[in-house]
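# Understanding the architecture of this molecule
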Amino acid sequence: MEEEVEKAVFAYLRKRGFRLTEIALQEEQSRLSADASLSRSESDAAKYYDGYGKLRSWAYNSLDSYRHELLRVLYPVFIHCFMDLVAQGHMQEARTFFQTFREDHEMMHLRDLQKLEGILSPSHLEEMELARLWRQNKVKIRLCQYSYELLVQYLHKTQSLAMLGVINEHINFEVYPGQPASISDDSEAVSLIGTSQDLAREINQKELHWGLLEDSVEERMEKALSESDKTEVDGNKEADTEDNNKKKTDGNKHGTAVNNKKKKDKVVGATGKTIRSETSMVSVPPRVKSELTLPQFPPEVEQSILEDLRNRVQLGSLALPSVSFYTFLNTHNGLNCSTISHDGSLVAGGFSDSSVKIWDMAKIGQPGRASNSQGENGSMQGMHSLASDEAKRPYSLLQGHSGPVYSVSFSPFADFLLSSSSDNTIRLWSTRLNANLVSYKGHNFPVWDAQFSPMGHYFATASHDRTARLWSMERIQPLRVMAGHLSDVDCVQWHPNCNYIATGSSDKTVRLWDVQTGNCARLFIGHRSMVVSLAISPDGRFMASGDEDGTIMLWDLSTGRSVSPIIGHNSCVWTLAFSCEGTLLASGSADCMVKLWDVTSSMKALKTDDSKSGPASRLRLLKALPTKSTPVYTLRFSRRNLLFAAGALSAGS
């Protein structure tokens, strides 16, 4: 009706020739329209601010038993309110809204908030991958029936159209009967539909052969060792029988001494039983066939393994390992990575100046050498100083890369060394010849990690190009390319049976890949920052992963489920290692600490109640070993269960 009146008025003015009056009326109408639009725009921006503020106050003031569930709604609503304001062009209001309420979510979502803070215009919403992910997918939130009813009642009562619009458009609720879930389940209660959680559920239903190899070298050696022990025990029994007969003829002359000896033997036996019971807490793993053609070890190598097994120390919560810590000195912040051979005889480091250096421990401290042994802390045994003194050269210098070296890895018997670099290549070195043998090219960007398989010959790499690759020493091109991560692949680890490769990524996920097909066999979700370290238990069933925030997660490979998440350190967890029986987990961090965790309790809880969906008891900290001021780069258990560690002394300490 108003439009018809306006048209009639303008037609009359034109007919009468009142041109100036017509122009003035048009200008006034445009001004009034603009003012109304501006007022409506400011009102829309205020609705988001007020609506979210009231929803936030209501959620924080709700009943204690339901509060943690209702608070799950806030983060997705906060993100979408901010992005809606940006999309509508209210940049100043969007910044004010973001800065006012971001503190509520910094503890759980700091890294995502830092990325979203970079959105400065509507075009950034399309350019940023994280923003696109949020805008193109709905969020699924699990709430109990009563929590959901409370939320619906609040929204209907307040009639907050802005909040209703955001929730209806961007959130789906999965409502379940009964009491609210525990707070520990919050990490899995909010997920993007059609993205990682659903994909993980689908992938983790695949069959996984996590057992150990049939007729493996260690299995054969253990059998030989048990047979020799049995023969030795039988021989001891015969000797004891002869001794007893002899003692009987002597009468009761030495009766007291014999009784004391028996008591002592009982005490020793009891301690041994305790340690053995811990090591046998998890059932014997199944046996599987290898999908790769694996090399055969020569007899002298098998003999070496047998000797190590014969002298292995049984570890547990009552028997902690000895730790030998190697400290790099005078590196001037140039050391990027380090590795230690299986017996601790060789230590290698990769440097920012593109060099690789290898130290032979047998030559450290000899006359004419640069460094002497020194201890950093009373709780660490056998610490050695590794001084990079060019003049005296107590190391072998390997040069060939044209960029910083980011990882180094010894072959199982330290006759070869792998190194990866920002020059996109992986190099194979001979530790006997101190020479480069092969340069492997295939990645398109820096290679962050390279690891030999447990049997040697094959190795895996992880790169900035978002792929992991499988290689053999004899071929210069990769055998498999594993693609699926959404960001850098930062670390890689082999499964003990060599049929799977685990990768950790900046996309906060861990994946397990089948080496035969190159397909993803497991997807693990739960970390809140980039995953930088991995370790798989010797029986092949459990995997530990460490992230940049200091969190350590233990996973059950057979189900894909998290067993025991913990805040393990105050800083980045750079390295993880299982003891030979899998009873202990060692972690090393940028916070200059080595920590020893009891894995047995978590495995026992999982074994006794596999049917429960809730998380098992958390890993128990057995001991924390602080260094003076040395971030821990590398941890490794020898076959005799001695724990080796390495790191570079921090500058200015």
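The structure displayed is predicted, hence computed values, not measured ones.

## Some remarks on the UniProt feature "repeat: WD" (unreviewed entry) in the protein chain
Per the UniProt record, "repeat: WD" (unreviewed entry) is annotated on residues 328–361, 398–439, 440–481, 482–523, 524–565 and 566–607. This span, residues 328–361, is 0% helix and 59% strand, and a straight line between its end C-alpha atoms measures 13 Å.

## Re the sheet that holds strand 11 (residues 396–399)
With antiparallel pairing, the 4 strands of this open sheet are ordered in space as 7-8-9-11. Looking along the sheet, the strands with just one partner apiece sit at the ends: strand 7 (335–340) and strand 11. Adjacent strand axes in the sheet meet at a mean angle of 20° when their direction is disregarded.

## Description of the nonpolar core
Counting residues in each nonpolar core, the largest one holds 46 residues, and the members touching the most others are Val77, Phe78 and Met163. In terms of residue count, helix 4 (residues 74–87) provides more of this core than any other element does, 10 residues in total. Every residue in contact with Phe78, bar those within four places of it in the chain, is listed here: Tyr52, Phe97, Phe98, Phe101, Arg102, His105 and Leu113. Grouped together as the second largest cluster of nonpolar side chains are 25 residues, Val301, Ala462, Leu470 and Val489 included.

## Let's talk about the environment of Lys357
Take Lys357: it is sitting in strand 9 (residues 355–360). Distance from Lys357 to Leu397, taken between C-alpha atoms, is 4.8 Å for residues 40 residues apart in sequence.

## Brief notes about the environment of Leu398
Position of Leu398 among the secondary structure elements: in strand 11. Expressed as a C-alpha distance, the spacing of Leu398 and Ile358, which sit 40 residues apart in the sequence, is 8.0 Å. Excluding anything up to four places from it in sequence, Leu398 contacts Ser355, Val356, Ile358, Leu417, Trp429, Asn434 and Ala435.

## With respect to the environment of Tyr395
Of note, Tyr395 is situated in the loop between strand 10 (381–387) and strand 11. Judged by its relative accessible area of 6%, Tyr395 is buried. Considered as a pair, Tyr395 and Lys357 are 38 residues apart in the sequence and their alpha carbons are 6.2 Å apart.

## Digging into the packing of aromatic side chains
Aromatic ring pairs: the centre-centre distance and the angle between the two ring planes describe each pair. With the rule as written, the count across this model stands at 23 aromatic pairs. A ring pair is formed by Phe297 and Phe413, whose centres lie 5.1 Å apart and whose planes are at 85°; its orientation type is edge-to-face. Here Phe297 is found in the loop between strand 5 (287–288) and helix 15 (299–310), whereas its partner Phe413 is found in the loop between strand 12 (405–410) and strand 13 (416–421), with 116 residues between them in sequence. Seen from their ring centres, Phe524 and Trp555 are 5.2 Å apart, and the 50° between their planes marks the pair as tilted. Of this pair, Phe524 sits in strand 23 (residues 520–525) while Trp555 sits in strand 26 (residues 551–556), and the two are 31 residues apart along the sequence. As far as burial versus exposure is concerned, Phe524 and Trp555 are alike and both buried. Here a set of aromatic residues connected by ring pairs shows up, and it is made of Tyr49, Tyr52, Phe78, Phe82, Phe97, Phe98 and Phe101. Taking NZ or CZ as reference, Arg95 lies 5.5 Å from the ring centre of Phe98, over its face.

## Considering helix 5 (residues 91–101)
Turn by turn, an α-helix covers 3.6 residues, leaving residues three or four places apart pointing in a common direction. Taken as a whole, helix 5 has its buried residues at Ala94, Arg95, Phe97, Phe98 and Phe101. Buried positions in helix 5, seen along its axis, are confined to an arc of 165° and lie on one side of it.

## Remarks on the packing of helix 4 against helix 10 (residues 161–170)
Look at helix 4 against helix 10: their axes get within 10 Å of each other, and the N-to-C directions meet at 105°. Here helix 10 runs roughly perpendicular to helix 4, going by the angle between their axes. Of the residues in helix 10, those touching helix 4 at Val77, His80, Cys81 and Asp84 are Met163, Val166, Ile167 and His170.

## What to know about the sheet that holds strand 17 (residues 458–463)
Where strands meet in a sheet, backbone hydrogen bonds hold them as pairs that are either parallel or antiparallel. One open sheet accounts for 4 strands, arranged 16-17-18-19; its pairing is antiparallel. On the outer flanks of this sheet lie strand 16 (447–452) and strand 19 (480–483), each paired with one strand and no other. Taken over all neighbouring pairs, the strand axes of this sheet differ in orientation by 20° on average, direction set aside.

## Quick look at the side chain of Asp591
Mapped onto the elements, Asp591 comes out in the loop between strand 30 (584–589) and strand 31 (593–598). Comment: no salt bridge for buried Asp591; closest opposite-charge side chain is Lys595, at 5.1 Å. A distance of 3.2 Å separates a polar side-chain atom of Asp591 from the backbone nitrogen of Met593. With sequence-adjacent residues up to four places away left out, Asp591 is seen in contact with His569, Asn570 and Ser571.

## Topic: unusual backbone geometry
In this structure, Asn424 takes a positive phi of about 75° despite not being glycine. Turning to its location among the elements, Asn424 is positioned in the loop between strand 13 and strand 14 (425–430). The backbone of Cys498 sits at a positive phi, close to 65°, despite the residue not being glycine. Along the chain, the position of Cys498 falls in the loop between strand 20 (489–494) and strand 21 (500–505). Taking relative accessible area as the criterion, Cys498 reaches 0% and is therefore assigned buried.

## Observations concerning the pairing of strand 8 (residues 346–351)
Here strand 8 lies mainly inside the structure; 6 of its 6 residues are buried. Side chains of strand 8 alternate between two faces, with Leu346, Ala348 and Gly350 and Val347, Gly349 and Phe351 buried alike. Taken together, the 5 bridges between strand 7 and strand 8 define a ladder with antiparallel strand orientation. Bridge pairing in strand 8 links Cys337 to Gly350. The hairpin formed by strand 7 and strand 8 contains 5 residues between the paired strands, and Gly344 there has a positive phi angle of roughly 80°.

Rules used in this analysis
In this numbering scheme, every chain counts its residues from 1 along its sequence in written order. Two thresholds apply to this predicted model, a pLDDT of at least 70 for residue-level local features and 80 or more for giving and counting side-chain atom pairs, whereas whole-chain, interface and lining totals are computed over all residues. By convention in this description, side-chain values take in all heavy atoms of the structure and omit both hydrogens and water. UniProt positions are given in the numbering used here, feature names are shortened, and annotations may be inferred rather than shown by experiment. Counting from the N terminus, the helices are DSSP H or I runs at least four residues long and the strands are E runs at least two residues long. Strand pairing is assigned whenever DSSP identifies at least 2 bridges connecting the two strands. To obtain each axis, a line is fitted to C-alpha atoms, and for helices this fit is confined to the stretch in contact; angles are then taken between N-to-C directions over 0 to 180 degrees. Nonpolar cores were defined as sets of buried Ala, Val, Leu, Ile, Met, Phe, Trp, Tyr and Cys residues, with membership established by side-chain atoms within 4.5 Å. Here's how the labels work: a residue is buried when its accessible area is under 20% of the maximum for its type, exposed when over 50%, partly exposed in between, all with a 1.4 Å probe on protein chains only. Should any heavy atoms of two residues lie within 4.5 Å, those residues are counted as being in contact. Under the pairing criterion, centres of Phe, Tyr and Trp rings, with the six-membered ring standing for Trp, must be within 6.5 Å; the plane angle then separates stacked pairs below 30 degrees from edge-to-face pairs above 60, leaving the rest tilted. By definition, being over a ring means that NZ of Lys or CZ of Arg is both within 6 Å of the ring centre and within 35 degrees of the ring normal. By definition, the arc is the one covered by directions from the helix axis to the C-beta atoms. Roughly parallel means an angle under 35 degrees; roughly antiparallel, over 145; roughly perpendicular, 65 to 115; everything else is oblique. Asp and Glu count as negative and Lys and Arg as positive, but His and the ends of the chain are not part of the count. Salt bridges are defined as contacts in which a side-chain nitrogen from Lys or Arg sits within 4 Å of a carboxyl oxygen from Asp or Glu. Definition of a polar contact: a pair of N or O atoms within 3.5 Å, with one able to donate and the other able to accept a hydrogen when the atoms are protein atoms, and with sequence-neighbouring residues admitted only if both atoms are side-chain atoms.

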